[in-house]
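Letter by letter, the chains look like this.
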Amino acid sequence: MSPRTTAALPEFAGRHIGPGDDDVAAMLEVVGHDSLEALVDHAIPGAIRSDVPLRVDPAVSENAVVGELRGLAARNQVFTSMIGLGYYGTITPAVIQRNVLENPAWYTAYTPYQPEISQGRLEALLNFQTVVSDLTGLDTAGASLLDEGTAAAEAMTLMRRSSKVAQEAVLLVDRHVLPQTIAVMQTRANPLGLTVVVADLDGVDSADALRAAAGDRDVFGVLVQYPGADGELRDWRALAAAAHESGALVTAAADLLALTLATAPGEWGADIAVGTSQRFGVPMGFGGPHAGYMSVRSGLERSLPGRLVGVSVDTEGAPAYRLALQTREQHIRREKATSNICTAQVLLAVMASMYAVYHGPQGLAAIATRVHGHARTLVEGLRSGGVEITTQHYFDTVTVSVPGRADEIVDQAAQRGVNLWRVDADHVSISVDETTDLRHLEAVWGAFGVTGPAEVTVAEPQWPAELTRTSEYLTHPVFSSHHSETSMLRYLRRLSDRDFALDRGMIPLGSCTMKLNATTEMAAVTWPEFAHLHPFAPATQSEGIRSLIDDLSAWLCEITGYDAVSLQPNAGSQGEFAGLLAIHAYHEANGQSQRRICLIPASAHGTNAASAVMAGMKVVVVKTAPGGDIDMDDLRAKVDQHRDDLAAIMVTYPSTHGVFEDTITELCGLVHDAGGQVYVDGANLNALVGLAKPGKFGADVSHLNLHKTFCIPHGGGGPGVGPVAVRSHLAAHLPNHPLAAEAGPETGVGPISAAPYGSASILPISWAYARLMGGAGLTRATQVAILGANYIATRLREHYPVLYAGHDGIVAHECILDLRDLTKRSGVTVDDVAKRLIDYGFHAPTMSFPVAGTLMVEPTESEDRYEIDRFCDAMIAIRGEIAAVESGEVALADSMLRNAPHTAKALAGKWEYPYERSDAAFPVGVEAADKYWPPVARIDGAYGDRNLVCSCPPPEAFEG
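Residues numbered from 1 in each chain as written. Predicted model: local features only at pLDDT ≥ 70, side-chain atom pairs only at ≥ 80, totals over all residues. Heavy atoms only, no water.

## Regarding the UniProt feature "domain: Glycine dehydrogenase C-terminal" (unreviewed entry) in the protein
- If you check UniProt for "domain: Glycine dehydrogenase C-terminal" (unreviewed entry), the listed places come out as residues 781-902 in our numbering.
- Counted over residues 781-902, helix gives 48% and strand 8%. Its end C-alpha atoms are 36 Å apart. (UniProt positions renumbered as here; feature names shortened; annotations may be inferred. Helix = DSSP H or I, 4+ residues; strand = E, 2+ residues; numbered from the N terminus.)

Given below as structure tokens:
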């Protein structure tokens, strides 16, 4: 046995890895190898193989890991946060915490690309869109973005695309926008050649004044905070009118809770609204994850970045939900994409939407009124003691003037267990929230040396009429129907029962790595020591979580062979962007700023090309050879052609085609010899961990997907974490953050995410996974993942051609089943097979990526042989159904394939098909007692795009 496998496996590895020793032996026999080591030796080129065990020590047990996490949590100090700046204390209703955040039916689901088996979370997301649309007063809202800062950056580019003013026009940002938001926008703007001008826009009321504020330049967009970072609620009507007169668009970064009382941005002229839904029941979590949002006025919906849920109909005419307008998404538009966003924050958007459903409009208004009442009582106490309040019209935040005393006041508050925000040496900002009570106000008064009222007076704000909301919101019945816990519990259960997640069965999506999200790994997410930390709290209060981050970073470096890691990117797409910015900054530092060509294989994921364009690079596509490998002749020609201006190549390894290419080291050498850098996309790292290290076989930078390889659940389409890992020469150009010097190098490219450590509260999941598995367990997981894919390829090869493979038909951790010839002969499409798999109790593999007309299958190491065999048996049975169509025995239109999936309602109604009900609903391997019933029949996607409806349909739509 080689040195790679001598270490004893930790006990947890047997829990995480599905196939036991006997199953592994049987699967190896089918594949034709006598050991896992022999299989991977055959699969992976020897030139890149690691021959040293991973130096990641395993914990003794799951209980021991929980104890270690408790120790790290105890090193955090959770003060009462009155910092604000976009992050607030909130109360997560227990019914939502237990039945959404802690429920695998919600957190183990995937992005709802198969809408027939995703109706529950699609309805929840439609509720979220309705909440955002109603509160902001704008027509269409998306299904969530990554955070407020990145949402603002997306709004910036949306305004630039939609404005017809001159290309040299600037973005004008009010000085009271959140500082982290301004910084994220500047990071995004620089490589695109956009100029961000920060100015005081208070009082700008004409086109001339607008131009003057921009330094006598044209303006394509204006962005304001509502209320401002200083707490002031400003009337922006005149500014919006001036911007529109000048051909500019206006974005409001708005607080959703404040909008229950304040005039909606759409009513005073905003074209776009962005922000975060964090304070709708989602803990601060040291910065994330939270669901950002964007809503737009009519006319901009087809340029909206990210995901959008719409209403369509199924084949029976019933209303059904689906992702709408998908042709505008980056993975389809590639280098023509206007955004690299390929995910959302679905789990957090579901939580926020359910917070609104549970409280309803009256409940939300009551919470907001209580928050404002505490702010007003705070102000009364401070003013009675002679403290100057500089904020006039406020919702929850006030700025106070304390000449020369800001540090003293902040320190005095900290001694009383409260964090305030030091604006500068002369000003302090104080925010209250849903969790604030009189004790907290008394602590603040004590810090100022004053005494306040003995009780809090809760009353509606006394704002001018132009700032006070009069319009209704959340009038749909769903927001008035589930205010009791009984009703809410049943609503959540009803929705989750409609969906297919990992708690029901295998989700064999290629390139998605839907593996086990172990309960022990999830345990710490809701602990208050992690969940209630403000991202801008003093560093002395976050020693535990930052120690965990250091541990995880070191393990990721060991696993990948890189020298430094930033955990700030809160999605894989953002990790790509960060890595490409590091490459660009490196070339600039070396006086080679002309290097802007990025070579990208034709088979690459669409985010690669979109990220390259966002980073200011020009994409040049490298052809695919007939065998699915990168066309090395074309690569050599492109490298020679662009030798003087080559910035990088982006390549996925193993390839997107599921093959370990022998040419990877040659590829790295060619690019390096031409002065370029090698970006290895970490999407397929689950085939490399413990076996090969990108940082050692020639790569300079990779992003990783902690929501794939390292067990953070997909959450129905988010959250995710996309760390960027680099060799030492790029480390100086990793992301940093203006409000946390310890979060990155001083020479960094700026912040990628709004929070210094991105989605920090879910990092304990990956920390626990690595600690539970240790180096030997992680390596074994990779070996079994490769075995599972090869077992499927071997079993199905005689029924469906396996499109690409390496030596002797060996694939990596996924395989591509080619249905194109079958489709030509029979008319049966990959869509037909995907929908028929629902009848068999499976989520479909990835459809038509990276090759149209194919299915890409990835079982991961967590699926046992029984489940894998069940899938293979289903695919073989479906091949028999295709054969019946192919031979003419069954007409395609009358086939079970074309009419799948079959609902319970269809079986109970009039039956007009030539096949038996039992064959439709209970095919081979499906037991009646275990049957998953899709809630809707096949959905008409085109209808939904032609008749775009992206908010809750009326109840009458479901009658009949």
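## Here's the deal with the environment of L667
- Within the secondary structure, L667 sits in helix α24 (residues 664-673).
- Using a relative accessible area of 1% as the deciding quantity, one classes L667 as buried.
- Placed 122 residues apart in sequence, L667 and A789 show a C-alpha to C-alpha distance of 26 Å.
- If we ignore the near neighbours within four places in the chain, the residues touching L667 are I630, M632, L635, I649 and V651. (Buried < 20%, exposed > 50% of the residue type's maximum accessible area, 1.4 Å probe, protein only. Contact = heavy atoms within 4.5 Å.)

## Some thoughts on the nonpolar core
- I430 and F448 are the most contacted members of the largest nonpolar core, which totals 238 residues.
- A total of 21 residues in this core trace back to one element, the largest contributor, which is helix α14 (residues 346-384).
- Taken together, domain 1 (104-358) and domain 2 (528-771) each give at least three residues to this core, which thus spans both.
- Not counting residues within four places of it along the chain, the set of residues in contact with F448 comprises L382, V387, V400, V402, R405, I409, L420 and I430. (Core = buried A, V, L, I, M, F, W, Y, C linked by side-chain atoms within 4.5 Å. Domains from an automatic or database assignment.)

## Details of the domain arrangement of the protein
- Entries for the protein in the domain assignment read domain 1 (104-358) and domain 2 (528-771).
- On a C-alpha basis, the centres of domain 1 and domain 2 stand 26 Å from each other.
- Taken together, the contact pairs 41 residues of domain 1 with 56 residues of domain 2.
- Interface of domain 1 and domain 2: buried area, both sides summed, is about 3,700 Å²; carbon and sulfur atoms make up 64% of it.
- Inspection of the region where domain 1 meets domain 2 yields 0 salt bridges.
- The interface formed by domain 1 and domain 2 contains 20 residue pairs in polar contact (both at pLDDT 80 or more).
- Of all the secondary structure elements, the ones that give two or more residues to the side of domain 1 that touches domain 2 are α6 (104-107), α8 (148-162), α9 (179-192), α13 (330-333) and α14.
- In terms of residue count, the dominant contributor to the side of domain 1 that touches domain 2 is α9 (8 residues). (Buried area = accessible area lost by both parts, 1.4 Å probe. Salt bridge = Lys/Arg side-chain N within 4 Å of Asp/Glu carboxyl O. Polar contact = N/O pair within 3.5 Å; in protein donor to acceptor, adjacent residues only side chain to side chain.)

## Some thoughts on the side chain of S573
- Take S573: it is sitting in helix α21 (residues 572-589).
- Residue S573 is classed as buried on the basis of its relative accessible area of 2%.
- Excluding anything up to four places from it in sequence, S573 contacts N340, I341, C342, T607 and S611.

## What to know about the sheet that holds strand β6 (residues 249-254)
- Spatially, 7 strands are ordered β2-β8-β7-β6-β5-β3-β4 in an open sheet, and the strand pairing comes out mixed. Looking at which strands have only one partner, the edges of the open sheet turn out to be β2 (140-141) and β4 (196-199).
- In this sheet, strand β8 (residues 292-296) lies alongside strand β7 (residues 272-276) in antiparallel orientation, the contact comprising 5 bridges. Note that in β8 the partner of I272 across the bridge is V296.
- Its contacts with the sheet put α8 on β3 (170-174), β4, β5 (219-226), β6, β7 and β8, and the angle it makes with β7 is roughly 165°. (Pairing = 2+ DSSP bridges. Axes fitted to C-alpha atoms, helices over the stretch in contact; angles between N-to-C directions.)

## Some thoughts on the UniProt feature "modified residue: N6-(pyridoxal phosphate)lysine" (unreviewed entry) in the protein
- Sites flagged by UniProt as "modified residue: N6-(pyridoxal phosphate)lysine" (unreviewed entry) map to K708.
- Looking at where K708 falls in the secondary structure, it is placed in the loop between β21 (701-703) and β22 (724-726).
- For K708, a relative accessible area of 11% puts it in the buried group.
- Apart from the residues lying within four places of it in its own chain, the contact partners of K708 are S511, C512, T513, K515, A683 and H714.

## Some points on the packing of α8 against α9
- One can describe the packing of α8 onto α9 by two numbers: an axis separation of 8 Å at closest approach and a directional angle of 40°. Between α8 and α9, the interaxial angle falls into the category oblique. The two elements α8 and α9 meet at a crossing, and its hand is right-handed. Every residue of α9 that contacts α8 at E148, G149, T150, A152, A153, E154, M156 and T157 is listed here: T181, V184, M185, R188, A189 and L192.
- Residues that form the contact of α8 with α9 fall into these classes: 7 nonpolar, 4 polar and 3 charged. (Parallel < 35°, antiparallel > 145°, perpendicular 65-115°, else oblique. Left-handed = near helix turned anticlockwise from the far one by under 90°. Nonpolar A, V, L, I, M, F, W, Y, C, P; charged D, E, K, R; others polar.)

## Some details on the pattern of salt bridges
- By the definition in use, this model includes 43 salt bridges.
- For E408, the salt bridge identified is with R405, shortest N-O distance 3.4 Å.
- A relative accessible area of 43% means that E408 is categorised as partly exposed.
- Classification of R405 as partly exposed rests on a relative accessible area of 32%.
- Residues D633 and R636 are paired through a salt bridge, measuring 2.9 Å at the closest nitrogen-oxygen approach. Of this pair, D633 and R636 both sit in helix α23 (residues 632-641), 3 residues apart, which is roughly one turn of that helix.
- Several salt bridges share partner residues, and in doing so they unite R795, R865, D869 and D873 into one network.

## So, the state of the cysteines
- Across all of its chains, the model carries 0 disulfides by this definition.
- The thiol of C668 is not disulfide-bonded; the next cysteine sulfur, from C598, is found 14 Å away. (Disulfide = S-S within 2.5 Å.)

## Section: the packing of helix α20 (residues 543-560) against helix α25 (residues 763-796)
- Between α20 and α25, the least distance of the axes is 10 Å, while the angle of their chain directions is 40°. When the axes of α20 and α25 are compared, the pair comes out oblique. Considering the relative orientation of α20 and α25, their crossing is left-handed. Contact residues: α20 offers L548, I549, D551, L552, W555 and I559, while α25 offers L763, P764, S766, W767, A770, R771 and L778.
- Class assignment for the residues of the contact of α20 with α25 results in 10 nonpolar, 1 polar and 2 charged.

## Let's talk about the environment of H799
- Mapped onto the secondary structure, H799 falls in the loop between α25 and β23 (815-818).
- A C-alpha to C-alpha distance of 9.8 Å links H799 and I878, two positions 79 residues apart in sequence.
- Excluding anything up to four places from it in sequence, H799 contacts I876 and R879.

## Some points on the pairing of β6
- The element β6 is extensively covered by neighbouring structure, given that 6 of its 6 residues are classed as buried.
- Residues L249, T251 and A253 line one face of β6 and the alternating positions V250, A252 and A254 line the opposite face, and both faces are buried.
- Judged from the 6 bridges that link them, β5 and β6 form a sheet pairing that is parallel. Its bridge partner being in β6, L223 is matched across the sheet by T251.
- Where the polypeptide runs from β5 across helix α11 (residues 237-245) and back to β6, its parallel neighbour, the crossover connection is right-handed. (Right-handed = clockwise from strand over helix to strand, strands pointing away.)

## Details of α11
- By the burial criterion, the buried members of α11 are L239, A240, A242 and A243. Here the buried residues of α11 occupy an arc of 160° about the axis, which is enough to place them on one side.
- Downstream of α11 by a residue or two, G247 has a phi angle that is positive, lying close to 85°. (Arc of directions from axis to C-beta.)

## Structural notes on the confidence of the model for the protein
- Across the protein, pLDDT averages 95, with 97% of residues at or above 70.
- Confidence over residues 1-7 falls short of pLDDT 50; this stretch has 13 contacts with residues more than four positions distant or in other chains. (pLDDT = per-residue confidence, 0-100.)

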